[in-house]
Amino acid sequence: MEMALHPARSLQQFANSCLDFVFPPLCISCNNHLDDGQKRVCLTCWDSIQSVTRQHPLFIDTREKLLTGGSVSDLVSRYVFEKEGAFQHIAHGLKYQGFKSLGVELGRRIGEQMRDWGVAGEILIPIPLHRIKFRERGYNQAEMIARGISEVTGIQLRADIVGRRKHTQTQTQLNLEERTENMEEAFEIALGALVENRVCLIVDDVITTGATINSCASEILKAGATRVIAASAALAQKGAA
């Protein structure tokens with residue numbers, strides 16, 4: 001026996017159908033029409049993004065930088081960030097256009113990568129935004145990504161463990177030394193007891209030099225975590241992101 005739709009829901013679905021007819025949904029990357037079931041980004045654009053492998057030179061270089069910092073023990077990432085590529089359009093939509101579902105989808109794809117690579121942990125910690133930036137954006141893109149990872153892996157997500165104590169300037173135009181200095185004492189632990197004797201995964205959208213990840217990981221280790229693994233949607237060459 002079919003259930004009758006709620007009148008308000010039926011009206012909303014009708015309105016959405018009318019909007020889709022007048023303004024057909026387009027891919028935010030290539031502007032082609034989206035097929036039924038596709039949201040924001042078409043399958044062709046998703047497939048066009050270069051994937052990360054353990055043998056990829058950028059992965060090897062980034063992982064080495066993180067491990068040299070002494071606070072991160074491993075790295076998992078899904079894509080290579082390329083200027084003007086589909087991933088850049090996705091990242092822009094996630095961070096500046098309010099397309100939070102893109103973050104969740106990226107997280108699901110990272111979660112699948114984690115399963116393929118045998119990477120596991122006990123708690124997911126998204127890189128936090130400063131309250132000023134959070135107020136401007138309304139949400140934390142790293143938390144959206146962590147939600148997707150949690151859906152696939154079942155690992156607990158806690159966005160309340162680490163806070164941002166200072167409003168740092170954008171890292172984009174800084175070199176490694178400047179990025180590291182910019183991130184000094186940027187983070188603080190609010191609920192340290194939750195990370196004691198646990199393997200933690202720090203989640204961010206893009207890792208370039210690793211300065212942000214290393215700074216956050218250092219505080220988590222001081223709070224008693226046994227290991228910290230970095231997880232990101234993409235890796236970028238310096239100057240690319």
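These numbers were taken from a predicted model, which means no experiment stands behind them. (Residues numbered from 1 in each chain as written. Predicted model: local features only at pLDDT ≥ 70, side-chain atom pairs only at ≥ 80, totals over all residues. Heavy atoms only, no water.)

A. How the structure looks around the packing of aromatic side chains. Per the stated rule, a full pass over the model turns up four aromatic pairs. On the basis of an interplanar angle of 35° and a centroid distance of 6.4 Å, the ring pair of W46 and Y79 is categorised as tilted. With W46 in helix α2 (residues 43–48) and Y79 in strand β1 (residues 74–80), this pair connects stretches of sequence that are 33 residues apart. Taking the relative accessible area as the measure of exposure, Y79 reaches 2% and is therefore buried. Aromatic ring contacts, followed pair by pair, group W46, Y79, F81 and F87 into a single cluster. Geometry around F99 places R40 over its ring, the cationic atom sitting 3.9 Å from the centre. The positively charged end of R109 is found above the aromatic ring belonging to W46, 3.9 Å away from the centroid. (Phe/Tyr/Trp six-rings, centres within 6.5 Å; stacked < 30°, edge-to-face > 60°. Helix = DSSP H or I, 4+ residues; strand = E, 2+ residues; numbered from the N terminus. Buried < 20%, exposed > 50% of the residue type's maximum accessible area, 1.4 Å probe, protein only. Lys NZ or Arg CZ within 6 Å of the ring centre and 35° of its normal.)

B. Structural view of the packing of helix α5 (residues 100–117) against helix α7 (residues 141–153). Their axes nearest at 6 Å, the elements α5 and α7 cross at an angle of 45°. Here α5 lies oblique to α7, going by the angle between them. Judged by the sense of rotation from one axis to the other, the crossing of α5 with α7 is right-handed. Side by side, α5 and α7 meet where K100, G103, V104, L106, G107, R108, I110, G111, E112, M114 and R115 of the first sit next to M144, I145, R147, G148, I149, E151, V152 and T153 of the second. When the residues that make up the contact of α5 with α7 are grouped by side-chain class, the tally is eight nonpolar, five polar and six charged. (Axes fitted to C-alpha atoms, helices over the stretch in contact; angles between N-to-C directions. Parallel < 35°, antiparallel > 145°, perpendicular 65-115°, else oblique. Left-handed = near helix turned anticlockwise from the far one by under 90°. Contact = heavy atoms within 4.5 Å. Nonpolar A, V, L, I, M, F, W, Y, C, P; charged D, E, K, R; others polar.)

C. The sheet that holds strand β6 (residues 199–207), seen in detail. Taken together, the five strands give an open sheet; going across it, the order is β1-β7-β6-β2-β3, and neighbouring strands pair in parallel fashion. Two strands in the sheet have a free side with no partner beyond their single neighbour: β1 and β3 (156–157). Where strand β2 (residues 123–126) and β3 come together, two bridges link them in parallel fashion. Within β3, the residue paired with I123 across the bridge is Q156. Packed onto the sheet, helix α4 (residues 86–96) meets β1, β6 and β7 (227–235) and runs at close to 110° relative to β6. Packed onto the sheet, helix α9 (residues 211–222) meets β2, β6 and β7 and runs at close to 165° relative to β6. (Pairing = 2+ DSSP bridges.)

D. Region of interest: the pattern of salt bridges. The final tally for this structure, using the stated rule, is ten salt bridges. Here K222 makes a salt bridge to E219, at a shortest N to O gap of 3.4 Å. Placement of both K222 and E219 in helix α9 is noted, with a separation of three residues, approximately one turn of the helix. Look at K222 and you get exposed, because its relative accessible area is 64%. (Salt bridge = Lys/Arg side-chain N within 4 Å of Asp/Glu carboxyl O.)

E. Structural view of α4. Among all positions of α4, only A86, F87, I90, A91, G93 and L94 are buried. Considered in projection along α4, the buried side chains sweep an arc of 160° and stay on one side of the axis. Tucked inside the fold, the buried residues of α4 contact α2, β1, α5, α7, β6 and β7. One or two steps after α4, the chain reaches G98, where phi turns positive at roughly 75°. (Arc of directions from axis to C-beta.)

F. Focus on the pairing of β2. Here β2 shows a buried face lined by I123 and I125 and a second buried face lined by L124 and P126. Of the strand pairs in this sheet, β2 and β6 are connected by four bridges, and their pairing is parallel. Across the sheet, the residue bridging to L124 is L201, located in β6.

G. Seen up close, the confidence of the model for the chain. Taken as a whole, the chain shows an average pLDDT of 87; of its residues, 81% reach a score of 70 or greater. Segment residues 1–5 is flagged for pLDDT under 50; beyond a separation of four residues in sequence, or across chains, it makes two contacts in the model. Across residues 13–22, confidence stays below pLDDT 50; counting only partners more than four residues off in sequence or on other chains, it has three contacts. (pLDDT = per-residue confidence, 0-100.)

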